[in-house]
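Observations on chain architecture
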Amino acid sequence: MLQEVSGCFNKEAKSDNSWPAGSRFMSSIHDARCGQSSNQSFLSVVATSHVSRKRKKKKMSKLTKLCVTAGTGTGIWAIEVGDKYPNTTVTGIDLSPIQPNYVPENVHFFVDDFDEEWVDPDDKYDFIHIRNVMHSVTDTKALLSRVMRHLKPGGYIEIQDLDITPLSDDDTLTPTTPYALRDFLKYMAAGLAALGSHMHAVHKLPDELEAAGFEDIKKSKHKAPIGMWPKDKRLRLCGLFLRTAMMDGLRGVSQRPMAALGWTPLQIEMVLVNVRKALMDPKVHAYFTFHVIYARKPLQAGGGPGSDEP
């Protein structure tokens, strides 16, 4: 099923989610929508703060004539790229038609599931961007094979994802420190595993990209603070966005994974009370790790970076 979104909703799309309920373990839940906008904004702040914009601009301007963003959410990344590169056609795919009404003419959004077969022809895209959805992918090997098939020779895949394991560089959070957020995330990891996916899938991606045939694999890791404890203004802003996204989306993202473990809605709500307290505790200097991974599809005879030839 592929429905083009006109503005925020198309005529056939449901107001909540036009894909079957539960197709995506966390993002397809209505309550998670509250945190999705904040989460998209947070990730853009992190990308702006951490990722080399000069390197990315050079790569994008050299390669990208056709670009797809899988799991586009509110579409903030697609719109930013469309604004900066007006000669690039940007396609955003998501389960939910929650994108804004007014977007650049070169940006198009479709309701579809990127975790199923794509209707696009092979060797179509110069650049494929996937962000913050690997936790819900049940078959990473199949997804990367699909990406390889639809990239042009010499095209790039970029994956940005959070490893949501709380860490600390000081003694405010140790392995023995009581911390409700850490306990909650262990339950979430177990629930996602019961549903068939892996919350920490990002760790295996470089090896899986190599196994799928990609080359020139580059990876970097950056700190994503939880809360406003950092002294650095840039990191403090990142921490504010991340904490806001988590506070807004806790109820939505927790329902299916924790229900898979047999938790009732009341039990989940009782746990979330302490999780919210932990998120707002300024004494704990915790952070997640933000991963950025690039990889290139090998060149083939008759093709190359930016080439229109198959």
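Residues numbered from 1 in each chain as written. Predicted model: local features only at pLDDT ≥ 70, side-chain atom pairs only at ≥ 80, totals over all residues. Heavy atoms only, no water.

Going by an unreviewed UniProt entry, the chain carries the name Methyltransferase and comes from Podospora pseudoanserina. Taken from UniProt, the Sequence similarities (unreviewed entry) comment for the chain reads in full: "Belongs to the methyltransferase superfamily. LaeA methyltransferase family." (UniProt positions renumbered as here; feature names shortened; annotations may be inferred.)

Another point: the overall build of the chain. Scanning the chain from N- to C-terminus turns up 8 helices and 8 strands. Here the chain holds 310 residues, and the buried ones make up 53% of them. For the chain, restricting intrachain contacts to residue pairs at least 6 apart in sequence, the fraction spanning at least 24 positions comes to 76%. (Helix = DSSP H or I, 4+ residues; strand = E, 2+ residues; numbered from the N terminus. Buried < 20%, exposed > 50% of the residue type's maximum accessible area, 1.4 Å probe, protein only. Contact = heavy atoms within 4.5 Å.)

Across the chain, the bulk of peptide bonds are trans and the bulk of non-glycine residues have phi less than zero. Here the phi dihedral of Asn132 falls at roughly 60 degrees; this positive angle occurs in a residue that is not glycine. Its place among the elements puts Asn132 in the loop between strand E5 (125-131) and helix H4 (140-150). Despite not being glycine, Asp216 has its phi angle at roughly 50 degrees, a positive value. In this structure, Asp216 sits in strand E7 (residues 215-225).

What follows covers helix H5 (residues 180-195). Compared with an ideal rise of 1.5 Å per residue, which puts 16 residues at 22 Å, H5 spans 23 Å between its outermost C-alpha atoms and is within 8% of the ideal. Considered for burial, the residues of H5 that qualify are Leu181, Arg182, Phe184, Leu185, Met188, Gly191 and Leu192. Looking at the buried positions of H5, the neighbouring elements they touch are strand E6 (151-167), helix H7 (233-259), helix H8 (265-279) and strand E8 (287-296). Taken from the residues just after H5, Gly196 is the one with a positive phi, measuring 105 degrees. (Expected span 1.5 Å × (residues − 1).)

Counting through the fold element by element, Leu95 comes out in the loop between strand E3 (89-94) and strand E4 (107-111). Given a relative accessible area of 5%, Leu95 falls into the buried group.

What the rule picks out here adds up to 2 aromatic pairs. Centroid distance Trp77 to Phe127: 6.3 Å. Interplanar angle 10 degrees. Geometry classified as stacked. With a gap of 50 residues between them, Trp77 in helix H3 (residues 76-84) and Phe127 in strand E5 connect regions that are remote in the sequence. There is no split in this pair, since Trp77 and Phe127 are both buried. On the basis of an interplanar angle of 55 degrees and a centroid distance of 5.0 Å, the ring pair of Tyr187 and Trp263 is categorised as tilted. Of the two residues, Tyr187 sits in helix H5 while Trp263 sits in the loop between H7 and H8, which places them 76 residues apart along the sequence. (Phe/Tyr/Trp six-rings, centres within 6.5 Å; stacked < 30°, edge-to-face > 60°.)

Let us look at the nonpolar core. Judged by nonpolar contacts, the single largest core of 38 residues is most densely connected at Leu181, Phe184, Val275 and Phe288. Looking at this core, the elements with two or more residues in it are H3, E4, E6, H5, H7, H8 and E8. It is H8 that provides the largest number of residues to this core, a total of 6 residues. If we ignore the near neighbours within four places in the chain, the residues touching Val275 are Ala180, Leu181, Phe184 and Leu250. The next biggest cluster of nonpolar side chains, apart from the first, holds 25 residues, and it includes Phe114, Ile128, Met148 and Leu151. (Core = buried A, V, L, I, M, F, W, Y, C linked by side-chain atoms within 4.5 Å.)

Contact geometry of H7 with H8 gives a least axis separation of 11 Å together with a crossing angle of 150 degrees. On the basis of the axis angle, H7 is roughly antiparallel to H8. Viewed along their axes, H7 and H8 form a crossing whose handedness is right-handed. Across from Arg243, Met246, Met247, Leu250, Arg251, Ser254, Gln255, Met258 and Ala259 in H7, the residues of H8 making contact are Ile268, Glu269, Leu272, Val275, Arg276 and Leu279. Considering only residue class, the contact of H7 with H8 consists of 9 nonpolar, 2 polar and 4 charged. (Axes fitted to C-alpha atoms, helices over the stretch in contact; angles between N-to-C directions. Parallel < 35°, antiparallel > 145°, perpendicular 65-115°, else oblique. Left-handed = near helix turned anticlockwise from the far one by under 90°. Nonpolar A, V, L, I, M, F, W, Y, C, P; charged D, E, K, R; others polar.)

A few words on the pattern of salt bridges. Going through the model one piece at a time under the given rule, you end up with 13 salt bridges. Among the salt bridges present, the one from Asp126 reaches Lys152, with a minimum N-O distance of 3.7 Å. Of the two residues, Asp126 is situated in strand E5 and Lys152 in strand E6; the sequence distance between them amounts to 26 residues. Taken individually, Asp126 and Lys152 each receive the classification buried, so the pair is uniform in this respect. (Salt bridge = Lys/Arg side-chain N within 4 Å of Asp/Glu carboxyl O.)

A few words on the environment of Thr89. Along the chain, the position of Thr89 falls in strand E3. With 11 residues separating them in the primary sequence, Thr89 and Ala78 have C-alpha atoms 9.7 Å apart. Apart from the residues lying within four places of it in its own chain, the contact partners of Thr89 are Lys65, Leu66, Cys67, Asn106 and His108.

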